[in-house]
Structures are given as structure tokens and as C-alpha cells.
Amino acid sequence: MKRHSVHGIYLAAGQSSRMGTNKLGLPLRGIALGNHALLAALQAGLAHVWIVTAEGKADWLDAALGSDRFRAKWTLVRCPDAHSGQAHSIRCGVEAAMTAGAESVMILLADQPFVTAAMINELLCRYDQASEREEIHFAAAEFGGLARPPVICHRRMFPELLRLQGDQGARQLIRHGRGISVPFGSPDLFLDVDTPED
């Protein structure tokens, strides 16, 4: 089976307005929160990971990510319009992945710290299997009957992703597109951290 070239787009440019401070830098299990899903992405089978930030820098990045094991696997992408909504971050990430020849992208959220490498690899595997049988546009994680990130989008969806505006994410595109949902049994995988209570 052919493994598709799937690049990760790691959305880390949010304003953390409900948290009141940059949530990605908050400590969680010994490292900053923003590193958890990123480490999972880097340990999984993604071809490359594009970390989208508002400033083109990320002071929450763990020093281990600069090691020989990881450094060639990721690139920071500056998105100056990130404050205008998630759509701008997605567009910056897609544009970066397109310049590198990505066949597909997986959109991941930096504030979902319990996403695992196994989960990412399961999505990649199911996407590859489905793509062998038919032309699909996406593969989305699913819990409770709802599609949720992470989601893989084939390059056939890139024009639509590049037209997103404001706070729109990929969810509205996959509601009516041709693709698959991959169910996962644990709600913890999808927990996103927005408030101090979270």
C-alpha cells in the first residue's frame, strides 16, 4: 500500500483570550502544554509539521525539539493575520505545505494535549486504506457522532481551505464532502484547553 505524503499543520497561533495568558506555555506533566500534541505529531508518520504561530516564534517549544531527532521534521510558519481567526492560520499552513509539495495535510490543534501518535497513525492508516479504494477528500477523527480534529484534507480540498474566512475551520467543509470518519472511544483525546478550569 502506498503511503501518502501527509504534512501536519499545527495551529498554535490562537490568542488564548479565555485563558488570560498564553495557554501553550502553561505547564502540563512536566512540559509546556503546546508541546504535547506536537511531540505526538513528530513521532507519528507525518512527512513534515508546519507550526503556525502569529509571530513566527514559539517560546513554549521544548528544547528537545531542537535535537537532531526532531529538528528536521518541523518548521515555524509566521501568520501575521492569525488574530483575525483560525481560517488565516489554516491558510498560512496550507500555503507552506503546498510549497513543499504536500499531497495532503493533517490539521492539528495545539491546545489538544492528549492527541497521541497512535491516534495520528490510525488516521493516516485509515486514510491510506480508504484512498486505495476510492477518491476521498478527507479523513476526520470522530467521537460521539461528530467529526473533530485532527482531520486530514487531500490537496483537492486546498482551494476550499484557502477560501476560509474569519474563525471558520475545516469542519464545515467536511460536513458535505466525500470522506471518512474514524471513531475513537475516549473523550479525553479531544479535550481542548481554553480556560483555567480546563
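Read on for an overview of the structure. (Residues numbered from 1 in each chain as written. Predicted model: local features only at pLDDT ≥ 70, side-chain atom pairs only at ≥ 80, totals over all residues. Heavy atoms only, no water.)

A few points about the overall build of the protein chain
Looking only at helices and strands, one finds five helices and nine strands in the protein chain. In the protein chain, the succession of helices and strands from N to C terminus is β-β-β-α-β-β-α-β-α-β-β-α-α-β. The C-alpha atoms of the protein chain give a radius of gyration of 16 Å, which matches the 16 Å a tight globule of 198 residues would have. Overall, the protein chain is about 45 × 35 × 35 Å in size when its C-alpha atoms are taken along their principal axes. For the protein chain, buried positions account for 51% of its 198 residues. (Helix = DSSP H or I, 4+ residues; strand = E, 2+ residues; numbered from the N terminus. Rg over C-alpha atoms; globule rule 2.2 N^0.38 Å. Buried < 20%, exposed > 50% of the residue type's maximum accessible area, 1.4 Å probe, protein only.)

Examining the environment of Arg71
Take Arg71: it is sitting in the loop between strand E4 (49–53) and strand E5 (74–78). A relative accessible area of 38% places Arg71 in the partly exposed class. Through-space distance from the C-alpha of Arg71 to that of Leu42 is 9.6 Å; in sequence the pair is 29 residues apart. Residues contacting Arg71, with those up to four places away along its chain left out, are Leu65 and Gly66. Among the polar contacts listed, one links the side chain of Arg71 to the backbone oxygen of Trp74, at a separation of 2.8 Å. (Contact = heavy atoms within 4.5 Å. Polar contact = N/O pair within 3.5 Å; in protein donor to acceptor, adjacent residues only side chain to side chain.)

Section: the pattern of salt bridges
Here the structure, examined in full by the defined rule, presents four salt bridges. Here Asp111 and Lys23 are joined by a salt bridge, their closest N and O atoms 2.8 Å apart. In this pair, Asp111 is assigned in the loop between strand E6 (104–109) and helix H3 (117–133) and Lys23 in the loop between strand E1 (6–11) and strand E2 (27–28), connecting sequence segments 88 residues apart. We note a salt bridge from Arg126 to Glu122, for which the minimum N-O separation is 3.6 Å. Taken together, the residues Arg126 and Glu122, both in helix H3 and four residues apart, mark about one turn of the helix. (Salt bridge = Lys/Arg side-chain N within 4 Å of Asp/Glu carboxyl O.)

Thoughts on the nonpolar core
Side chains of a nonpolar character, in soluble globular proteins, are inclined to be buried together. Counting residues in hydrophobic clusters, the biggest one holds 43 residues, and the most contacted among them are Tyr10, Trp60 and Ile120. Looking at which element gives the most residues to this core, the answer is H3, with seven residues. Excluding residues that lie within four positions of it along the chain, Trp60 makes contacts with Tyr10, Ala12, Asn22, Leu24, Gly25, Ala32, Gly34, Asn35, Leu38 and Ile51. Formed by 29 residues, the second largest nonpolar core is a distinct cluster that contains Ile9, Leu11, Ala97 and Phe158. (Core = buried A, V, L, I, M, F, W, Y, C linked by side-chain atoms within 4.5 Å.)

Quick word on the side chain of His7
Checked against the element boundaries, His7 lands in strand E1. Excluding its chain neighbours within four sequence positions, the residues that come into contact with His7 are Leu46, Ala47, His48, Trp50, Ala97, Ala100, Ala102, Ser104, Val105 and Met106.

What to know about the packing of aromatic side chains
Describing an aromatic ring pair means giving the distance of the ring centres and the angle of the ring planes. Counting across every chain of the model gives three aromatic pairs. Ring centres of Phe184 and Phe190 lie 6.4 Å apart, and the angle between their planes is 65 degrees; this geometry places the pair in the edge-to-face category. Judged by relative accessible area, which is 13%, Phe184 ranks as buried. For Phe190, a relative accessible area of 8% translates into the label buried. Linked through ring pairs, Phe143, Phe184 and Phe190 together constitute an aromatic cluster. For the cation-ring pair, Arg148 lies above Phe190, with the distance from its terminal atom to the ring centre recorded as 5.8 Å. (Phe/Tyr/Trp six-rings, centres within 6.5 Å; stacked < 30°, edge-to-face > 60°. Lys NZ or Arg CZ within 6 Å of the ring centre and 35° of its normal.)

What to know about the side chain of His36
Along the chain, the position of His36 falls in helix H1 (residues 34–43). On the accessibility criterion, His36 (17% relative accessible area) is buried. Apart from residues no more than four positions distant in its own chain, His36 is found in contact with Leu28, Arg29, Ile31 and Pro113.

Here we look at H3
If you check H3, its first and last C-alpha atoms are 25 Å apart, about what 17 residues at 1.5 Å a residue would give, namely 24 Å. Taken residue by residue, H3 has Ala117, Met119, Ile120, Leu123, Leu124, Tyr127, Asp128 and Ala130 as its buried positions. Close packing links the buried residues of H3 with E1, H1, E6, strand E7 (138–143), strand E8 (146–154) and strand E9 (179–183). (Expected span 1.5 Å × (residues − 1).)

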